[in-house]
Amino acid sequence: MTSTFLRHELKAFWRSKNTGKSIAVRIVMALLILYFLVIISVIGFSLDKFLEKAAGSEMMVTYCGIILLYYLTDLFTRLQLQDLPTLRVQPYLQLPVKRNSLVRYLAFTALFSVFNLWPFLLFVPFVFKVIAPVSGGLVTLAFVVSIAGLTVFNNYLALYIKRKANLNGWVFLIAAAAVILIGLSDFMWHLFSIRNFSYLFFGGLIHHPVLAIAPLLLGVAMYYLNFLYLKDNLYLEELGSRKASKYKNSTDYPLLNIFGNIGDLVGNEIKLIFRNKRSRSAFIMGLFIMFYGLMFYTNPKMNAEGYKVFVSMFMTGIFIINYGQFMYSWQASHFDGLLVSKIKFVDFLKAKYLLFTIISTFFLLLTTPYAYFGWKTLVIEIIMYLWNIGVNATIVLFFANRNYKRMDLSKGAAFNWEGIGSNQWILSLPLLITPYIIYGPLALLHYANTGLALLGLIGLTGVLTRGFWIKKLEADFYNKRYTIAEGFRNR
Amino acid sequence: MIEIKDLKKVYGGAVVVNVPELRIYKGESVGLVGNNGAGKTTLFRMILDLIRPDTGLVSSNGENVAGHENWKNYTASYLDEGFLIDYLTPEEYFYFIGGLHQQSRPHVDDFLAGLTDFFNGEILKKGKYIRDLSKGNQCKVGVASCLLQNPELLMLDEPFANIDPSTQFRLKSILKELNKNRGVTTLISSHDLNHITDVCDRVLLMEKGIIIKDIATSSSTLNELEEYFGVGQIEPEKIGGTA
């Protein structure tokens, strides 16, 4: 059965409207992964040398100490980057396909992630080179089993949190905050030491290899939790919208009325964002990015202006990057209706700009307290805000004209995970790199302020010349609209 | 009102629509019938500029629909749920559509009050988003939003398919009233031959993308159509043995 699902998934991939784009993304991904694999293998195979140099006779203690630390960072990275395995389950539910095999497929394919390879490459060579000759086969096995167990545990814990977060963005915020707090309470507040704890366990493993059962059990338990969660939701999916729900009120945003029709369109899109789980999560995850300032600015090494440019762009533009790159797919289910109703496409575009401006302004206001780290932080934030609404907004809309993939918001969010993970960040790379093409060289030549001024100027020009860009985008849209509409009709 | 010239659409080598010439005049009520895959919906979509024709053009009031937006001012259409903004409540949707046509909220409320029978208490003030309504009720929302726009041209694709019998009859009388008393041009497709011959003055029969019959409705039209669609049906006389 699993092989059938895999074949169907492959067909879905190759026959999708966006295959070209997906392949490009995958190639970039593959290159990046290869690069990291090489680096990590090198580190892994020479870990004993590194540690010998750094810690000398304390090598074993240090090695055992960093393992858990690694897994904590690993969890944090996974939360942001790991992709969730997808399968459109609905067509199989009424067929004589065992629920368990559906769920097993989803749960099992999750193991095929490069994140699961890294710990092995990083820690296992050391086990064979240093531990095996001294402590023998059983202890070696115990180490390998523990590492495998923890990897599986982390894998499914991250997926579990991500799945929950898809239904409720706050879960993600809380989980990420928890991981950060654990890290801070070790390194900033010295409440406890993860390294000591890690040494306690892995050091103990040398004398009592039986302990390896504990991480293994953790891994199995986490897998099982995922399995049960998926199975439950499979059932929910089936019942779907039939669930009795509370009274839905009509709402109105009187402030937007001053913009007339454009305001109405923005009002609708705001409703779209908050009434659909998936888009709501995109917004709430944007709130999480607001913490980036805390993470970077408190760290003296990362308090440089170059980082501030990056962080500020991210914080004020996260919504444009995160939500914008799926435009107009959010509206795929009623795109035909938009095309035939009395909406000028110019207004449609103006509404997008207005939406971006409103939400970016909101995020800019949220980040103003970072002025605490120097007034220039605020200046950079404002400059990057201008850049976002002036330049990035246009770039995002340019790509929106090239996005033909339907996204069904009304279908249960529990199984709708496309584009949440590393793929998404790769698509936003061009957005993240462009300002550095201008700022980078100037900063290297010690004209950092000129670079900033230039960024601000370009951003401002972008805002002031919006009319021009809207015309360009409109002309572009007229060529593409049939393809977009057809792609969106393509379920 | 609508003029079609040399309209052709080909998908993967198969001709889906091929209409050399068709004119629909102001005030006509036209029905479109044909089996699945005859090209009805594709024709509708080309008239609404949702699909690019391979050759030919559709003009509405003398202006090509592709590249112009004037036709949107007087054309209302509902082809499928893809025309509805499904995360809005019906009220919000009606206000939105009304707003596009510069109608105030009280005006929209007034108008909706007139549709109480048609809605049968299942649409307004139910506290549901459109996506939570049944297909039939979604169809009611779609049709009502068309009426709200005060169109000169009304296009509906299989409006009778998902709604209950009472609503079907109400919809028929609404359509007749619009056409006869207010001169609205209507273009409706359906699989229900009874309804279509009842509502429409002119019936177009499509087969494999081609309009093979263009009939002014008369008392014999229903029989003529039934004969066409009843391919291979055993005739009652032969079962009974006597004529």
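Residues numbered from 1 in each chain as written. Chains lettered and ligands numbered in written order. Predicted model: local features only at pLDDT ≥ 70, side-chain atom pairs only at ≥ 80, totals over all residues.

**Student:** Got a minute to help me understand the overall build of chain A in this structure?
**Tutor:** Scanning chain A for helices and strands turns up 22 helices and zero strands. Here the C-alpha radius of gyration of chain A, 25 Å, is about what a compact globule of 491 residues would show, namely 23 Å. When its C-alpha atoms are laid out on the principal axes, chain A stretches across 75 × 65 × 40 Å. Counting over 491 residues, chain A shows a buried share of 34%. (Helix = DSSP H or I, 4+ residues; strand = E, 2+ residues; numbered from the N terminus. Rg over C-alpha atoms; globule rule 2.2 N^0.38 Å. Buried ≥ 20, exposed ≤ 12 C-beta atoms within 10 Å, placed from the backbone.)

**Student:** What is the right way to read the interface of chain A and chain B from this model?
**Tutor:** Reports often express the size of an interface as the amount of accessible area lost when the parts come together. Contacts between the two partners involve 26 residues from chain A and, on the opposite side, 29 residues from chain B. A per-element tally of the side of chain A that touches chain B places helix 12 (residues 260-275) of chain A first, with six residues. (Contact = placed C-beta atoms within 7 Å.)

**Student:** Just to check I follow, could you spell out the domain arrangement of chain A for this structure?
**Tutor:** Per the domain assignment, the segments of chain A are domain 1 (2-11 + 18-242) and domain 2 (258-489). Each of domain 1 of chain A and domain 2 of chain A has a C-alpha centre, and these two points are 31 Å apart. (Domains from an automatic or database assignment.)

**Student:** Help me understand the sheet that holds strand 7 (residues 153-157) of chain B, please; the structure alone is not making it clear to me.
**Tutor:** Strand pairing in a sheet takes place through backbone hydrogen bonds and is either antiparallel or parallel in direction. Residue and element names in this part refer to chain B. Strand order in the open sheet made by the six strands is 6-7-8-3-9-10, with mixed pairing throughout. In the strand order of this sheet, the two ends are held by strand 6 (75-78) and strand 10 (210-216), each with one partner. Direction aside, neighbouring strands of the sheet carry axes that sit 15 degrees apart on average. As paired strands, strand 7 and strand 8 (residues 185-189) are joined by five bridges and run parallel to one another. From the neighbouring strand, Leu153 faces strand 8, where its bridge partner is Thr185. Against the sheet, helix 1 (residues 40-47) contacts strand 3 (29-33), strand 7, strand 8 and strand 9 (202-207), and its axis sits at roughly 150 degrees relative to strand 7. Here helix 8 (residues 221-229) sits on the sheet in contact with strand 3, strand 9 and strand 10, set at roughly 5 degrees to strand 9. (Pairing = 2+ DSSP bridges. Axes fitted to C-alpha atoms, helices over the stretch in contact; angles between N-to-C directions.)

**Student:** How do you make sense of the pairing of strand 7 of chain B when you look at a structure like this?
**Tutor:** Residues and elements named next belong to chain B. Counting buried positions along strand 7 gives five out of five residues, so the element sits mostly inside the fold. Burial along strand 7 is two-sided: the face carrying Leu153, Met155 and Asp157 and the face carrying Leu154 and Leu156 are both buried. Two strands pair when backbone bridges link them, and strand 6 and strand 7 are joined in this way by four bridges, in the parallel orientation. Pairing of Thr75 across the sheet is with Leu153, part of strand 7. Following the backbone out of strand 7, through helix 6 (residues 165-182) and into the adjacent parallel strand 8, one traces a crossover that is right-handed. (Right-handed = clockwise from strand over helix to strand, strands pointing away.)

**Student:** What's the story with the packing of helix 12 of chain A against helix 13 (residues 277-289) of chain A in this structure? I'm lost.
**Tutor:** The relative placement of two packed helices is expressed as an angle between their axes plus a distance between the axes. Residues and elements named next belong to chain A. Where helix 12 meets helix 13, the closest approach of the two axes is 5 Å, and the angle between their N-to-C directions is 90 degrees. The angle between the axes of helix 12 and helix 13 places the two elements in the roughly perpendicular class. Contact residues: Leu272, Ile273 and Phe274 in helix 12; Ser279, Arg280 and Phe283 in helix 13. Broken down by class, the residue content of the contact of helix 12 with helix 13 amounts to four nonpolar, one polar and one charged. (Parallel < 35°, antiparallel > 145°, perpendicular 65-115°, else oblique. Nonpolar A, V, L, I, M, F, W, Y, C, P; charged D, E, K, R; others polar.)

**Student:** I would appreciate a short explanation of unusual backbone geometry in the present structure.
**Tutor:** Phi is mostly negative for residues that are not glycine, and the peptide bonds are mostly trans. With omega at -10 degrees, the peptide bond leading from Met327 of chain A into Tyr328 of chain A counts as cis. Its location among the elements puts Tyr328 of chain A in the loop between helix 15 (305-324) and helix 16 (335-340). Unlike most non-glycine residues, Asn61 of chain B shows phi in positive territory, near 50 degrees. By the secondary structure assignment, Asn61 of chain B is in the loop between strand 4 (55-60) and strand 5 (63-64). When the 17 C-beta atoms within 10 Å are taken as the criterion, Asn61 of chain B is described as partly exposed.

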